[in-house]
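Examination of the molecular architecture
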Amino acid sequence: MNWAGIIAVCIASAGGIGGIVVAVIRLSSDIIANRLSQKYQLILNKELEEHSCNSLKSAN
């Protein structure tokens with residue numbers, strides 16, 4: 001078990017509200033991670049497209 005799991009267990013054992021707080025934090029961190037992943041994927045796709053277009057122009 002990692003440190004985050006240990007901390008989560010300690011908070012959850014402190015009471016029901018602790019479990020709710022842990023669940024909200026975990027859910028929000030997943031949402032933030034997904035949005036960042038989508039953002040960087042879009043940036044990488046744009047850069048790849050620009051690179052592909054430049055390669056095709058230089059080949060002609």
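Below is a summary of the structure that appears in this document. (Residues numbered from 1 in each chain as written. Predicted model: local features only at pLDDT ≥ 70, side-chain atom pairs only at ≥ 80, totals over all residues. Heavy atoms only, no water.)

**What about the overall build of the chain?**
When helices and strands are counted, the chain shows two helices and zero strands. Over its C-alpha atoms the chain spans a radius of gyration of 21 Å, topping by over 25% the 10 Å that the globule rule assigns to 60 residues. Residues classed as buried in the chain amount to 7% of the 60 residues present. For the chain, the accessible surface area stands at approximately 5,300 Å², while carbon and sulfur atoms represent 65% of it. In the chain, which carries 5 positive and 4 negative side-chain charges, the distance between the mean positions of the two groups comes to 7 Å. (Helix = DSSP H or I, 4+ residues; strand = E, 2+ residues; numbered from the N terminus. Rg over C-alpha atoms; globule rule 2.2 N^0.38 Å. Buried < 20%, exposed > 50% of the residue type's maximum accessible area, 1.4 Å probe, protein only. Areas by Shrake-Rupley, 256 points an atom, 1.4 Å probe, with all protein chains shown as cover. Lys, Arg positive; Asp, Glu negative; His and termini not counted. Charge placed at Lys NZ, Arg CZ, Asp CG, Glu CD.)

**Some words on a nonpolar patch on the surface**
Taken together, Ile17, Ile20, Val21, Val24 and Ile25 make up a surface patch of nonpolar side chains, about 480 Å² in accessible area. Note on placement: Ile25 falls in helix H2 (residues 16–59). The class of Ile25 is exposed, set by a relative accessible area of 53%. (Patch = residues over 30% accessible without salt bridge, like charges linked within 9 Å, V, L, I, M, F, W, Y side chains within 5 Å. Salt bridge = Lys/Arg side-chain N within 4 Å of Asp/Glu carboxyl O.)

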